[in-house]
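Fold and geometry: a report
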Amino acid sequence: MNRFYKNILIFTFTAPAFLILIGVVFYPFIYNLVISFSNMNLRHITDWKLIGFQQYIKVFTEPTQPGFYGIFIKTIIWTFVNVFFHVVIGVFLALLLNQKIAGKSVYRTLLILPWAIPQYIVALTWRGMFNYEYGSINLIITKYLNLPAIEWLKNPTEAFLACILTNVWLGFPFMMIVALGALQSIPDELYEAANIDGASWYQKLKNITLPLIRPVMIPAITLGVVWTFNNLNIIWLVSNGGEPSDSTHILVSFVYKAAFNLYRYGYAAALSMVIFVILLFFSLIFMKKSRATEAAY
Amino acid sequence: MNNLKKKIIRIITHIVLLIFVIIAVYPVLQVITISLRPSDKLLSTSLEIIPENATLKSYVSLFTEQPFLLWLRNSAFVSFCVTITGILLASMAGYAFSRFNFIGKKIGLLSLLVTQMFPATMLLLPLYLMLIYLGLINTYLGIIITYSATALPFCVWTMKGYYDTIPTSLEEAARIDGCNQFQAFYRVVIPLAAPALVITGLFSFMTAWAEYIVAAQILQDSSLWTLPLGLKSFEANMSTEWGLYGAASIIVMIPVVIIFLLSSRWLVSGLTLGSVKG
């Protein structure tokens, strides 16, 4: 093909997407970087000036209630628990759905439902379900299980647990669909050969299924981790902005509060950068590690 | 004996799937229940799905007493624009990334991935200040561009991954038959990439239809509100208007659920996350 023509084609195909991204994503990113070195807040919204690393120092040392390290650990717990259950439940259901069973498409359709519902509706609905007196979760606990009702939204641990339960419910269908796609691409001959060799289901799972869905699951898990780590909606709406008394925050909701409720723009920008760097390092290491072990198969 | 064992396993499979279906569906039934409750029984300790004296009053008042139709129209307009933009730009950019080698390809693809790691709050503040400066606060243009950019990275990756699975020999054949590269793209490749286009469209639509936090900052004029902002306003005061909220949620869910159900067949084949190699 004519080289000139090819370059024009490449340019016209990629330029619109990247123009939008530069305007809405990359330019604000640079802007954010600048703000993170400034003293911008409600009092200095136009007459801000650069003050070096002070905001970053504040992020790591300021004795906020709750402190940075506490929230960081909580964010890791939040991300790990969520993604763990998303993947385990998702792959488990995909394995069940990948057999010849009656009503397969009906099951699949109904199981996608949590993914189809807008997140803010999910969050507000679950918040209602966690209500102490009228929420259906406590009603089920007291009526059918004869256990004492739980103060879901008033205690820090229970409120955090409530957020996790909501997010686990919301996230497993994505992993299920990704795993299902991966399972369908495994050729039947492999299982037939394994059957001839008299392999048990566990051996087939361990030696055929899991290694073969792995290349698809790794990027999905990376995305899942990044999305969960940055999931503002669920924490913010289920716990109503970090209630009780800011004890349910993960890093993103904490930044959101610093920026839009407390107007500490410089501080929020610095903390945002810290979150970004954490995720960047995680993704690079995780992708590299998983690719390194991929060669073993 | 072996048959019996198989039968038992099948029954257990069905039971397990049913349990998960109940878990997946229950919160939705909960919203339906709330929307049907008569207004004097909104706080009820009953667990029935169809409540006593079920009524459609909340739905009626949603359309007659609340600006719900306005929100619906606003949301539909914004979502439609974002979906079209998403499909158009992602299908083109993904194609270039899949088929050609060019300077900056790897960096371009990586930068798409990196955007997913930006916390929403990081872009929100600069974006907000920027939109004020450009006079795009309280405009749909501002929010449509923002949503498109949010959805694009994932969409471009999905499209690129899917194009990678379509053999280039098909386009070469089309070229021999006299198509130029662009014709080969939209006559041969695009129809084959339908599953990925469905995902791209769905993802773009969902981004716009279900987004609350960005909308809350950009659309402050209540005549411009999209559905999420309207729904949240039922909850904002001390006493949540649960009946209205439930009814509105159901109406918001219906189009999304229908689209998801219609496309669930495509969903499985269209998400080709595996091909991340640059």
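Residues numbered from 1 in each chain as written. Chains lettered and ligands numbered in written order. Predicted model: local features only at pLDDT ≥ 70, side-chain atom pairs only at ≥ 80, totals over all residues.

1. Structural notes on the overall build of chain B
Rules: Secondary structure elements follow DSSP: runs of H or I of four or more residues count as helices, runs of E of two or more count as strands, with numbering from the N terminus. Between the two quantities, the radius of gyration covers C-alpha atoms and the globule rule is 2.2 Å times the number of residues to the power 0.38.
Scanning chain B from N- to C-terminus turns up 12 helices and zero strands. Each helix and strand of chain B, placed in order from N terminus to C terminus, yields the pattern α-α-α-α-α-α-α-α-α-α-α-α. Its C-alpha radius of gyration of 23 Å places chain B more than 25% over the 19 Å reference for a compact globule of 278 residues. Taking the principal axes of its C-alpha atoms as reference, chain B extends roughly 75 × 70 × 35 Å.

2. Some remarks on the confidence of the model for chain B
All names here are of chain B. Stated precisely, the cut-off is as follows: For every residue, the predictor assigns a confidence score, pLDDT, that lies between 0 and 100. Note that contacts rest on C-beta atoms placed from the backbone: two residues are in contact if these are within 7 Å.
Summing up the model confidence of chain B, the mean pLDDT is 84 and the portion of residues at 70 or higher is 92%. Low pLDDT (under 50) marks residues 274-278, which in the prediction has eight contacts with non-local residues, meaning those over four places away or in another chain. Listed scores for the predicted complex are pTM 0.85 and ipTM 0.85.

3. Overview of the packing of helix 4 (residues 104-116) of chain A against helix 7 (residues 156-184) of chain A
Residue and element names in this part refer to chain A. Inclusion rule: Here an axis means a line fitted to C-alpha atoms, over the contact stretch when the element is a helix, while the angle between two N-to-C directions is reported on a 0 to 180 degree scale. Here roughly perpendicular refers to angles of 65 to 115 degrees, roughly parallel to angles under 35, roughly antiparallel to angles over 145, and oblique to all remaining angles. Handedness of each helix crossing follows the sense of rotation of the near helix against the far helix: counterclockwise by less than a right angle gives left-handed, clockwise gives right-handed. Residue type decides the class: Asp, Glu, Lys and Arg count as charged, Ala, Val, Leu, Ile, Met, Phe, Trp, Tyr, Cys and Pro as nonpolar, and the leftover types, Gly among them, as polar.
Two elements in contact, helix 4 and helix 7, have axes whose closest approach is 7 Å; the angle formed by their N-to-C orientations is 125°. Our classification of the angle between helix 4 and helix 7 gives oblique. When you trace helix 4 past helix 7, the crossing you get is left-handed. Residues L111, I112, P114 and W115 of helix 4 form the contact with helix 7, whose participating residues are W169, L170, P173, F174, M176 and I177. Along the lines of polarity and charge, the residues of the contact of helix 4 with helix 7 split into 10 nonpolar, no polar and no charged.

4. Here's the deal with the nonpolar core
This is how the line gets drawn: By convention the nonpolar core is taken to be a set of buried residues drawn from Ala, Val, Leu, Ile, Met, Phe, Trp, Tyr and Cys and joined through C-beta atoms within 7 Å. Working definition of burial: number of other C-beta atoms within 10 Å of the residue's own, with buried at 20 or more, exposed at 12 or fewer, and partly exposed in between, all C-beta atoms being placed from the backbone. Domain start and end points were adopted from an automatic or database domain assignment.
V178(A), A179(A), V255(A) and V156(B) are the most contacted members of the largest nonpolar core, which totals 163 residues. Take this core: its biggest share by element is 15 residues, from helix 7 of chain A. When residues are assigned to domains, this core turns out to be shared by domain 1 (1-55) and domain 2 (56-242 + 254-270) of chain B, each giving three or more.

5. Topic: unusual backbone geometry
Residues and elements named next belong to chain A. The phi angle at N146 is positive, at roughly 55°, despite the residue not being glycine. Locating N146 in the fold gives a position in the loop between helix 6 (136-143) and helix 7. A positive phi angle, close to 55°, is found at Y263, a residue other than glycine. As for its placement among the helices and strands, Y263 is situated in the loop between helix 11 (251-260) and helix 12 (265-294).

6. Overview of the interface of chain B and chain A
Counting residues at the interface gives 69 residues for chain B, matched by 68 residues for chain A. Taken together, the elements giving at least two residues each to the side of chain B that touches chain A come down to helix 1 (2-36), helix 3 (68-99), helix 4 (105-115), helix 5 (120-134), helix 6 (140-164), helix 8 (181-192), helix 11 (227-236) and helix 12 (242-270) of chain B. With 12 residues, helix 1 of chain B is the largest single contributor of residues to the side of chain B that touches chain A. Of the residues belonging to the side of chain B that touches chain A, the class tally is 51 nonpolar, 15 polar and three charged.

7. Observations regarding the domain arrangement of chain B
Residues and elements named next belong to chain B. In terms of domains, chain B is made up of domain 1 (1-55) and domain 2 (56-242 + 254-270). Each of domain 1 and domain 2 has a C-alpha centre, and these two points are 32 Å apart. Each partner contributes residues to the interface: domain 1 has six residues there, and domain 2 has five residues.

8. Overview of the environment of L271(B)
Along the chain, L271(B) turns up in the segment after helix 12. Along the primary structure L271(B) and I32(B) are separated by 239 residues, whereas in three dimensions their C-alpha atoms are 31 Å apart. In this view, L271(B) contacts I177(A), V178(A), G181(A), T158(B) and I199(B); residues no more than four positions away in its chain are not counted.

9. Considerations on the confidence of the model for chain A
Taken over all residues, the pLDDT of chain A has a mean of 85, while the share at 70 or more is 97%. Averaged over each element, pLDDT in chain A is lowest for helix 12 of chain A (81) and highest for helix 3 (residues 68-97) of chain A (93).

10. As for helix 7 of chain A
The line we're drawing: By this rule, a helix spans an expected 1.5 Å times one less than how many residues it contains. To obtain the bend at a residue, axes are fitted to the seven residues ending there and to the seven starting there, and the angle between these axes is taken.
The terminal C-alpha atoms of helix 7 of chain A, which comprises 29 residues, lie 43 Å apart, in line with the 42 Å expected from a rise of 1.5 Å per residue. The sharpest bend along helix 7 of chain A reaches about 30° and sits at G171(A), with the proline P173(A) one to four residues further on.

11. Side note on the packing of helix 7 (residues 169-176) of chain B against helix 8 of chain B
Residue and element names in this part refer to chain B. One way to put it is that helix 7 packs onto helix 8 with a least axis distance of 10 Å and a crossing angle of 130°. Our classification of the angle between helix 7 and helix 8 gives oblique. Here helix 7 and helix 8 pass one another in a crossing that is right-handed. Counted together, L170, E171, A174 and R175 of helix 7 and A184, R187, V188 and V189 of helix 8 form the full contact between these two elements. Its residues assigned to classes, the contact of helix 7 with helix 8 comprises five nonpolar, no polar and three charged.

12. Remarks on the environment of I87(B)
With respect to the element layout, I87(B) can be found in helix 3. Among all residues touching I87(B), those that are not within four sequence positions of it are L197(B), T200(B), G201(B) and S204(B).

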